[in-house]
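Listed below are the residues making up each chain.
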Protein chains: 2
Amino acid sequence: MTKIRAAVVGYGNVGRGVMASIRNNPDFELAGVVSRSPERVKKAVSGIPVMKLDNPSAWIEALRPDVAILCGGSKDDLPRQGPELCRHVTTVDSFDNHSRIPEYFAAMNENATAAGKVAVISTGWDPGMFSLQRVLAGAFMPGARAYGFYGLGPKGGLSMGHSDALRTIPGVRDARQYTHAVPDAIERVRKGENPVFEPGDMHTRECFVVLEPDADPAAVTKAIMEMPGYFAPYQTTVNFVTQEELDQQYQGFPHDGLVVAAAVTGNGNPALTEYRCLWGSNPEATANILVAHARAAVRLQREGRSGAFTILDIPPAYFTTLSRDELLKHWM
Amino acid sequence: MTKIRAAVVGYGNVGRGVMASIRNNPDFELAGVVSRSPERVKKAVSGIPVMKLDNPSAWIEALRPDVAILCGGSKDDLPRQGPELCRHVTTVDSFDNHSRIPEYFAAMNENATAAGKVAVISTGWDPGMFSLQRVLAGAFMPGARAYGFYGLGPKGGLSMGHSDALRTIPGVRDARQYTHAVPDAIERVRKGENPVFEPGDMHTRECFVVLEPDADPAAVTKAIMEMPGYFAPYQTTVNFVTQEELDQQYQGFPHDGLVVAAAVTGNGNPALTEYRCLWGSNPEATANILVAHARAAVRLQREGRSGAFTILDIPPAYFTTLSRDELLKHWM
């Protein structure tokens with residue numbers, strides 16, 4: 001069997017997760033890593049080609065990837081890299097800025113279509129699996145609204161974006177933010193109320209902050225509580241901890257979530273569906289889902305398809321290595 | 001907008017559920033009901049064309065359906081009706097005899113392909129949504145085994161097949177069987193043990209039996225306990241009740257289930273996904289999913305596709321009435 005050659009673009013948490021996932025998917029092989037800072041990456045890996053990002057033709061000719069898995073961030077990296085790279089190679093990414101997905105899809109679709117390439121965008125667990133579950137719930141239960149909750153476990157889910165936001169506040173040396181779902185809000189959805197929530201009704205935010213030596217705790221707390229969008233709409237708690245406490249008790253990237261939707265069928269009978277996921281490592285979970293979508297992207301490309309795709313546009317059998325016979329016999 | 005004209009083939013619990021679901025899906029209209037016993041159906045419905053099943057050309061010409069939703073049983077009806085009807089019209093069915101899905105798919109695929117028709121088979125919640133969740137879990141978490149559990153709620157889930165089996169026993173006038181998931185078995189899967197289960201490890205069976213006046217309870221209990229496949233492998237309890245108790249306390253068709261899969265990602269981090277559904281009415285749930293698949297079948301047909309399809313072969317966006325713009329803007 002010829003393996004799928006995947007280039008990993010971006011050597012961050014997701015990129016390293018993709019490299020680990022490729023080792024667990026025997027139909028894949030790592031073509032190489034592409035980075036803005038190849039010298040830094042070369043210090044961390046061995047036996048793997050590492051190329052500089054800025055000349056796509058050069059690394060695509062050298063690595064000959066069937067697919068490039070774009071692991072950069074959605075704020076600065078992907079809006080620039082995606083539309084450029086999809087002119088040259090089949091791509092997959094986890095662009096997760098929900099409000100900007102329409103414009104990102106349009107840019108990717110235009111360039112990928114013109115180049116005859118497939119670009120699978122915005123996949124992972126949310127957007128991605130959660131998008132799929134929302135759409136299926138709505139299609140199979142007309143009138144249902146699907147709700148997403150995050151951080152249902154006792155420790156909650158680590159939010160990278162909110163942790164980064166905390167670290168921009170003067171006086172904050174390091175910080176991590178855990179999101180907690182509000183159990184009563186979940187129960188209201190389960191009961192079929194289809195409630196209208198403000199953001200602060202569904203989640204609370206718990207911050208663990210290490211201060212700079214000269215920082216004023218009251219000023220930092222005020223700055224956090226008043227940060228629009230990130231914290232102001234939420235019930236927020238701020239805990240000051242030492243760097244040692246943060247490093248020992250709040251490491252890793254755990255996250256979890258729930259998509260829940262309730263409606264009635266036919267003669268007023270209750271109907272409820274829930275999709276739940278729990279990840280010891282959020283970036284590794286995203287990475288695993290990216291690799292399965294890379295498999296689908298290569299299949300679509302080989303069929304002669306082109307343009308931008310989301311998880312909603314791909315037949316689920318494309319994600320698996322299982323044959324149609326195996327699927328019909330053991331998985332239906 | 002031209003509505004999708006659906007013919008409902010078979011006026012049982014699922015067929016009535018489909019008729020109710022069509023009323024809740026504004027892009028559909030009911031073309032008519034097709035039955036082996038149209039006179040019986042005409043007594044129950046009004047204002048709806050009812051046609052006799054045995055001459056497909058006649059009812060297809062009269063009703064002009066875009067799709068026929070086949071609501072017959074998997075044991076006797078669908079193996080005969082499906083391969084015949086898919087020569088004439090786009091079809092959707094919920095064939096659910098898991099071990100015979102490969103041969104049913106082959107028969108439907110051969111005839112539908114020859115006729116240039118689309119036949120979506122074996123959909124509902126299991127097979128159907130559960131098949132999809134199993135395949136996604138396996139694709140996104142290599143090494144995960146997906147397990148199906150049924151009857152997690154306090155009353156358990158009503159099994160029609162097992163209730164029918166009870167009613168074949170001499171001395172049984174009426175009966176209903178509720179399946180219960182074994183909570184410890186679910187917890188073992190959640191912990192990532194990927195255990196090897198015998199059927200009796202995952203579920204127990206609870207029977208509510210109304211005896212004929214002259215029946216011997218001990219003999220009936222023995223016959224139940226020793227029934228191979230249905231009850232012999234399971235921890236089974238038999239409760240004798242009056243017809244009045246059965247009618248009052250054990251009516252309706254509630255069912256629920258769970259697909260759960262656990263694995264590790266990358267560097268040994270735990271990963272767990274669960275899909276849970278709870279239905280006040282099992283046949284209405286199946287009906288709702290059938291209608292969404294009928295929408296997809298018509299779209300595939302209009303694209304010029306042909307042959308047999310399962311939920312694994314259909315892009316999820318085909319199930320919904322939402323436009324691509326709406327999906328990208330609000331559902332991703």
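Residues numbered from 1 in each chain as written. Chains lettered and ligands numbered in written order. Predicted model: local features only at pLDDT ≥ 70, side-chain atom pairs only at ≥ 80, totals over all residues. Heavy atoms only, no water.

Caption draft 1: The arrangement of the nonpolar core in detail. Ranked by internal contacts, the top residues of the largest apolar core, which has 164 residues, are Val18(A), Trp59(A), Phe319(A), Val18(B), Trp59(B) and Phe319(B). Setting aside residues no more than four positions away along its own chain, Phe319(A) makes contact with Ala292(A), His293(A), Arg295(A), Ala296(A), Arg299(A), Ile311(A), Ile314(A), Leu136(B), Ala139(B) and Phe140(B). (Core = buried A, V, L, I, M, F, W, Y, C linked by side-chain atoms within 4.5 Å. Buried < 20%, exposed > 50% of the residue type's maximum accessible area, 1.4 Å probe, protein only. Contact = heavy atoms within 4.5 Å.)

Caption draft 2: Here's a closer look at the packing of aromatic side chains. The full count for this structure, using the stated rule, is 22 aromatic pairs over all chains. For the pair Phe208(A) and Tyr250(A), a centre-to-centre distance of 4.0 Å together with 25° between the ring planes defines the contact as stacked. Taken together, the positions of Phe208(A) in strand S10 (residues 203-211) and Tyr250(A) in the loop between helix H11 (243-249) and strand S12 (255-265) put the pair 42 residues apart, joining distant regions of the chain. Through pairs of rings, three or more aromatic residues link up here, namely Trp125(A), Phe130(A), Tyr150(A) and Tyr275(A). Stacked on the ring of Tyr234(A), the Lys or Arg Arg205(A) has its end atom at 4.1 Å from the ring centre. Just above the ring of Tyr11(B) sits the side chain of Arg16(B); from NZ or CZ to the centre is 5.1 Å. (Phe/Tyr/Trp six-rings, centres within 6.5 Å; stacked < 30°, edge-to-face > 60°. Helix = DSSP H or I, 4+ residues; strand = E, 2+ residues; numbered from the N terminus. Lys NZ or Arg CZ within 6 Å of the ring centre and 35° of its normal.)

Caption draft 3: Just the relation of the copies chain A and chain B, in detail. Here chain A sits on chain B after a turn of 180° about the axis and a move of 0.0 Å along it, with an RMSD of 0.0 Å. Taken together, the turn and the small shift mark the pair as related by a two-fold rotation axis. Here 100% of the interface residues in chain A have copies in chain B that are interface residues too; the copies meet face to matching face. (Least-squares fit on C-alpha atoms with pLDDT ≥ 70 in both.)

Caption draft 4: Looking closely at the environment of Val260(B). Residues and elements named next belong to chain B. Structurally, Val260 can be placed in strand S12 (residues 255-265). On a C-alpha basis, the gap between Val260 and Gly148 in space is 6.7 Å, while along the polypeptide they are 112 residues apart. Those residues within four positions of Val260 in sequence are excluded, and the remaining contacts are Arg145, Ala146, Tyr147, Phe149, Val189, Arg190, Leu272, Thr273 and Glu274.

Caption draft 5: Region of the structure containing the side chain of Glu284(A). In this fold, Glu284(A) is placed in helix H12 (residues 282-302). Buried and unpaired, Glu284(A) has Arg23(A) as its nearest opposite-charge partner, separated by 7.8 Å. Polar side-chain contacts of Glu284(A) include one of 2.8 Å to the side chain of Thr265(B). The residues contacting Glu284(A), other than those within four sequence positions of it, are Gly17(A), Thr265(B), Gly266(B), Asn267(B) and Asn269(B). (Lys, Arg positive; Asp, Glu negative; His and termini not counted. Salt bridge = Lys/Arg side-chain N within 4 Å of Asp/Glu carboxyl O. Polar contact = N/O pair within 3.5 Å; in protein donor to acceptor, adjacent residues only side chain to side chain.)

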